[in-house]
Amino acid sequence: MPWSNQNGGGGPWGGGGNQGPWGQGNRPRGGRGGPPDLEEIIRRGQDQLKNVVPGGFNGGIFVIVGLLILGFVLLNSVYTVQPDERGVEMRFGKPKEEISMPGLHYHFWPFETVEFAKVTEQQLNIGSRANGQSSSGLMLSGDQNIVNVQFSVLFSVTDPKAYIFNVENPVDTLQQVGESAMREVVGRRPAQDIFRDNRQAIATDVRNTIQATMDSYGTGVAVNTVAIEDAAPPREVADAFDEVQRAEQDEDRFVEEANQYANQVLGRARGQAAQIREEAAAYKDRVVKEAEGEAQRFVSVYDEYSKAPEVTRKRLYLETMQGVLGKSKKVILDEKNGQGVLPYLPLTEIGRPQQQSGGVQ
């Protein structure tokens, strides 16, 4: 072959016939042109590791394992408390008095562990129906009506140690206490209060009840607000309830219209009564004044009569006859002076007021 002639039969890499690309002493055992030997590679790695690890490979493995364990312990001994959290360290399961504030902290793990509690305000929804099939919000009111109440509780953690250790699951406990308190308060009131009339007072009563119960459990929870988000009748009786509501609204409207009519009639009656009283008072004053005037005139006439009885009697007689005869319809003629009166004259019309016709007398 061509390379045999040029290299003296040593192959394309030169040298003797047994020399390969790795040199004389490094020829792989797998034969000429075969892959590297795996055992040779492992042996080389062991030799290099002996030079690096003090005491050789057999003694240095314990140092490596120790360093790994130490690193793992240090990694678990350092923890971080977030700004919205508080940490409570425990030594052999017993909580410490100190509360870990936000920041980086260290404890001796695994002899000491830490639990975290979120102290910012949190919201718990109670009675909300995600799939439309939950009945946790159905309650019985004081007037035997079924209402579906959905409300939320805003709370915060004031004592992280009590929150973590006194109750197994504070959130579930708060939800159960909230449902129980709402059922108790709604059960003492009519349905109309929870629907629209007195929601704020109900929410205040529920909050006070929840807070008192959670304090008795020692949960370290402060209930900030209870908000009633929705209150409605069950879907099965919603139409009938709407009919009742409309009937009540019509009743209220009729009552208002009746009150308006009653006020109008009563106002007119009171006005007429006041007018009658004023007229009666005026009539009374007029009659009294006329009577007093007549009495005064009679007294004055009597005084004149006592001074001249004959003259006064004659004057009274003449005035009386004048008044009587002036209203009479009869005509009296003197026998001596009545011969010239014609019989067809309308003597009966004498003394009557003359009527005007066409503006001429």
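Note that this is a predicted model, so its numbers are computed, not measured. (Residues numbered from 1 in each chain as written. Predicted model: local features only at pLDDT ≥ 70, side-chain atom pairs only at ≥ 80, totals over all residues. Heavy atoms only, no water.)

(A) Just the overall build of the protein chain, in detail. The helix and strand tally for the protein chain stands at nine helices and nine strands. Looking at the protein chain residue by residue over its 361 residues, the buried ones come to 22%. Long-range pairs, those at least 24 residues apart, make up 64% of the contacts in the protein chain with a sequence separation of at least 6. As displayed, the protein chain has an accessible area near 26300 Å², and 54% of this comes from carbon and sulfur atoms. (Helix = DSSP H or I, 4+ residues; strand = E, 2+ residues; numbered from the N terminus. Buried < 20%, exposed > 50% of the residue type's maximum accessible area, 1.4 Å probe, protein only. Contact = heavy atoms within 4.5 Å. Areas by Shrake-Rupley, 256 points an atom, 1.4 Å probe, with all protein chains shown as cover.)

(B) Up close: the nonpolar core. Counting residues in hydrophobic clusters, the biggest one holds 32 residues, and the most contacted among them are Phe 151, Met 182, Ile 194 and Ile 210. Where this core is concerned, the elements lending two or more residues are strand S6 (122–126), strand S8 (146–157), helix H5 (170–187), helix H6 (191–197), helix H7 (199–217) and strand S9 (221–232). (Core = buried A, V, L, I, M, F, W, Y, C linked by side-chain atoms within 4.5 Å.)

(C) Representation of the pattern of salt bridges within the structure. Taken as a whole and judged by the stated rule, the model has twelve salt bridges. The residue Lys 96 makes a salt bridge to Glu 89 at a minimum N-O spacing of 3.0 Å. The burial state of Lys 96 is the same as that of Glu 89; both residues are buried. Residue Arg 286 is joined to Glu 290 by a salt bridge in which the shortest nitrogen-to-oxygen separation is 3.4 Å. Within this pair, Arg 286 and its partner Glu 290 are both found in helix H8 (residues 238–307), separated by four residues, close to a single helical turn. Within this structure, Arg 189, Asp 193 and Asp 205 form a network of salt bridges that share partners. (Salt bridge = Lys/Arg side-chain N within 4 Å of Asp/Glu carboxyl O.)

(D) Molecular detail of the packing of H8 against helix H9 (residues 309–326). One can describe the packing of H8 onto H9 by two numbers: an axis separation of 5 Å at closest approach and a directional angle of 130°. With respect to their mutual orientation, H8 and H9 come out oblique. Judged by residue contacts, Val 301, Glu 304, Tyr 305, Ser 306 and Lys 307 of H8 engage Pro 309, Thr 312, Arg 313 and Leu 316 from H9. Tallied by class, the residues present in the contact of H8 with H9 amount to four nonpolar, two polar and three charged. (Axes fitted to C-alpha atoms, helices over the stretch in contact; angles between N-to-C directions. Parallel < 35°, antiparallel > 145°, perpendicular 65-115°, else oblique. Nonpolar A, V, L, I, M, F, W, Y, C, P; charged D, E, K, R; others polar.)

(E) Spotlight on the packing of H5 against H7. Here H5 crosses H7 at 135°, and the two axes come no closer than 9 Å. One element, H5, and the other, H7, form an angle in the oblique class. Relative to H7, H5 is oriented so that their crossing is right-handed. Contacts from Pro 170, Thr 173, Leu 174, Val 177, Gly 178, Ala 181, Met 182, Glu 184 and Val 185 of H5 reach H7 at Ile 202, Asp 205, Val 206, Thr 209, Ile 210, Thr 213, Met 214 and Tyr 217. When grouped by side-chain class, the residues that make up the contact of H5 with H7 number eleven nonpolar, four polar and two charged. (Left-handed = near helix turned anticlockwise from the far one by under 90°.)

(F) Focus on the sheet that holds strand S5 (residues 112–118). Read from one edge of the open sheet, three strands run S3-S2-S5, paired in antiparallel fashion. The sheet terminates laterally at strand S3 (94–100) and S5, the two strands that pair on one side only. Strand-to-strand twist across the sheet, computed as the mean angle between neighbouring axes with direction ignored, equals 30°. In terms of strand pairing, strand S2 (residues 85–91) meets S3 through four bridges, oriented antiparallel. Residue pairing across strands places Val 88 opposite Ile 99, the latter belonging to S3. (Pairing = 2+ DSSP bridges.)

(G) How the structure looks around a nonpolar patch on the surface. A cluster of nonpolar side chains, namely Leu 70, Leu 74, Val 78, Phe 92, Leu 104, Tyr 106, Phe 108 and Phe 111, defines an oily patch on the protein surface of about 900 Å² accessible area. Contributing elements (two or more residues each) for the nonpolar patch: helix H3 (56–77) and strand S4 (103–106). Within the fold, Leu 74 resides in helix H3. Residue Leu 74 is classed as partly exposed on the basis of its relative accessible area of 44%. (Patch = residues over 30% accessible without salt bridge, like charges linked within 9 Å, V, L, I, M, F, W, Y side chains within 5 Å.)

(H) Region of the structure containing the environment of Val 223. Its place among the elements puts Val 223 in strand S9. Classification of Val 223 as buried rests on a relative accessible area of 1%.

(I) Structural view of the packing of aromatic side chains. Taken as a whole, this structure holds two aromatic pairs when the rule is applied. When the ring of Tyr 79 is compared with that of Phe 116, the centres are 6.0 Å apart and the planes differ by 70°; the resulting orientation is edge-to-face. Taken together, the residues span a long stretch of sequence, with Tyr 79 in strand S1 (residues 78–81) and Phe 116 in strand S5 at a distance of 37 residues. The class of Phe 116 is partly exposed, set by a relative accessible area of 35%. Between the aromatic rings of Phe 92 and Phe 111, the centroid separation amounts to 6.0 Å while the plane-to-plane angle is 55°, which identifies the pairing as tilted. Here Phe 92, found in the loop between S2 and S3, pairs with Phe 111, found in the loop between S4 and S5; they are 19 residues apart in sequence, far enough to count as distant. (Phe/Tyr/Trp six-rings, centres within 6.5 Å; stacked < 30°, edge-to-face > 60°.)

(J) Geometry of the pairing of S1. Residue alternation in S1 divides its side chains into a buried set, Tyr 79 and Val 81, and an unburied set, Val 78 and Thr 80. Summarising the sheet, S1 and S4 pair through four bridges and their orientation is antiparallel. Its bridge partner lying in S4, Val 78 is registered against Tyr 106.

By themselves these figures say nothing about function.
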